[in-house]
Amino acid sequence: MENRAGLEYWIRGLGRLTMLLMEVVKSLFTQRFNWDGFLQQLHFIGVKSQSVVLITGAFTGMVLCAQTYFQFHKVHMDSATLAVVSVSMCSELGPVLTALMVAGRVGASMAAELGTMKVTEQIDALRTLATHPVDYLVVPRILATLVAVPLLTIEAISIGIGAAYVVGVGLLDIDAAYSWSFVMKYTDAHEVYSGMIKALFFGLSIALVGCYKGLFCEGGAEGVGKAATEAVVYASITVLMSNFFLTLLLTRLFGS
Amino acid sequence: MIEAQHLSKKFGTNVVLDDVSFTVQEGQRLVIIGRSGTGKSVLLKHLVGLMEPDQGEVLVNGEKLTGLDERELLRVRSRFGMLFQSAALFDSLSVAENVGFVLQRERKLSPKEVADRVAEALEMVELGGTQDKRPSDLSGGMRKRVGLACTIIYHPEIILYDEPTTGLDLVVSDSIDRLVLRVNEKLKATTIVVTHDMRSVRTIAQRVIMLYHGKVYADTTPEELFASQDPVIYKFVNGISDAKNNGF
């Protein structure tokens, strides 16, 4: 019985999520766009995530460089270290880690903010004022995340590669010219395209899950806490699982 | 005109509304009373289409709300104003932005005209000069009055009030009641108030509906309500509980 109830909960959730996405698309093409809300969210997601993304990108690049170097050094392939960092950062680590950071910061915040609005009747008040919550609250958040996450990903990738260069060339004495030449040789444009497509998909998932959890939150303060936690957990799981399938799909699309 | 026809609503096994029917004429001031948990607020949410009944219909000027999708409901709701129990002001906006929300969204007026209308609405609820405050800076009574200003600024045809005086002291409650009357007289709006405050009933009501166990128990005038010797009505009006004295 419990399994059946759990399955029903999941199916209902997926149905609502799909309906929410359809409503967002409909709103985008038929309703007046809330520019103020979009710019506020862009500032919140893009500008206020700077420190988190910079630290994540830099230290990921640095540790990846160090670990790769320790292994490659044994087989005298030191100068290939930065190429491995570059390819990993562009296609996998940059998009995934940025998305996980944004999911933790922004996904939770969206769910908590909309959830509080739900339990304090502010969403009902909005509906009574003849304003659709999707037009006013959800569309600006989703579009702002779609714009911000790829930009933050580019930033994390650049900082990661830069930090790896500093560690590799500055601390580990890797040859700068060879390293850079291998970076340019092995980092294909499709690695960058794949990373950006993933970033777009992850951004959509984070915002959609955060807004969904907030809009369908129930049960007062406890419900808001639960919605925020679930938004982070589900968005993170979506990012990690979809990353695998996207990697397979995009590799098939662009070639390896 | 608003018509509720045989409305029923259950949450799980809990029957909240059970075959509730009534009609509210244009410009009328109806007060809905009943003990906590008898479905007053749920009924109000049905009237504005925020909830869908399990059975029955709500008609606003002859148009059925049941079966309309959310966007069609928005069109119907533009005739409504609603003051929520918690005032439901938007935390992220200032008082002026809250009050001018609908006018700013419609973009039919210049920013100067919106600011003038906001100032006028705030003056009407005796809160002139509070435009730059945040909802968190306001007391309970002030929040309710700002909530009312948000509603009256766009001159709705129908105004719903969900327990407008709950949690307020008697003086503030009286000022809110008089405000409700003043708004009704000025806008000629149909007014439906949900309350269990008998002072509000005396001040506001032209007609009273009492809900009891999810049903319409009485549909009467305030004079008849206060003169009633029916035990259920008498106990409710005079605040007498059924609790037995158990010796403590």
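Chemist: Sorry if this is basic, but what is going on with the sheet that holds strand 5 (residues 63-64) of chain B here?
Modeler: Whenever strands of a sheet pair, they do so through backbone hydrogen bonds, lying parallel or antiparallel. Residues and elements named next belong to chain B. Pairing within the open sheet is antiparallel, and its 4 strands lie in the order 2-1-4-5. Strands at the two margins of the open sheet, each flanked by one partner only, are strand 2 (14-24) and strand 5. Of the strand pairs in this sheet, strand 1 (residues 2-11) and strand 4 (residues 55-60) are connected by 5 bridges, and their pairing is antiparallel. Across the sheet, residue alanine 4 finds its bridge partner in strand 4, namely valine 58.

Chemist: In this structure, what is going on with the sheet that holds strand 6 (residues 80-83) of chain B? I would like to understand it.
Modeler: All names here are of chain B. Strand order in this open sheet of 6 strands is 6-7-8-3-9-10, and the pairing throughout is mixed. Both edges of this open sheet fall to strand 6 and strand 10 (215-220), since each of them pairs with a single strand only. The sheet shows a mean angle of 15 degrees between the axes of neighbouring strands, direction not considered. Bridge analysis of strand 3 (residues 29-33) against strand 9 (residues 207-212) gives 4 bridges, and the strand direction is parallel. For valine 31, the partnering residue across the bridge sits in strand 9 and is valine 208. Where helix 1 (residues 40-47) meets the sheet, it contacts strand 3, strand 7 (158-162), strand 8 (190-194) and strand 9, and its direction lies at approximately 150 degrees from that of strand 8.

Chemist: Quick question: what am I supposed to make of the confidence of the model for chain B here?
Modeler: Detail in the predicted coordinates should be disregarded across regions flagged by low pLDDT. Overall, the predicted model of chain B reaches an average pLDDT of 90, with 98% of residues at or above 70. Confidence metrics for the complex model read pTM 0.87 and ipTM 0.87.

Chemist: Is there a simple way to explain the interface of chain A and chain B in this structure?
Modeler: Where the parts come together, the accessible area they lose is often given as the size of the interface. Contacts between chain A and chain B engage 11 residues on the former and 16 residues on the latter. Grouping the amino acids of the side of chain A that touches chain B by side-chain chemistry returns 3 nonpolar, 5 polar and 3 charged.

Chemist: I keep staring at the pairing of strand 10 of chain B and nothing clicks. Help me out?
Modeler: Side-chain positions along a regular strand alternate between the two faces of the sheet. Note that strand 9 of chain B and strand 10 of chain B share 5 bridges and pair antiparallel. Its bridge partner lying in strand 10 of chain B, B:Met210 is registered against B:Ala218.

What counts as what
Residues numbered from 1 in each chain as written. Chains lettered and ligands numbered in written order. Predicted model: local features only at pLDDT ≥ 70, side-chain atom pairs only at ≥ 80, totals over all residues. Pairing = 2+ DSSP bridges. Helix = DSSP H or I, 4+ residues; strand = E, 2+ residues; numbered from the N terminus. Axes fitted to C-alpha atoms, helices over the stretch in contact; angles between N-to-C directions. Contact = placed C-beta atoms within 7 Å. pLDDT = per-residue confidence, 0-100. Nonpolar A, V, L, I, M, F, W, Y, C, P; charged D, E, K, R; others polar.

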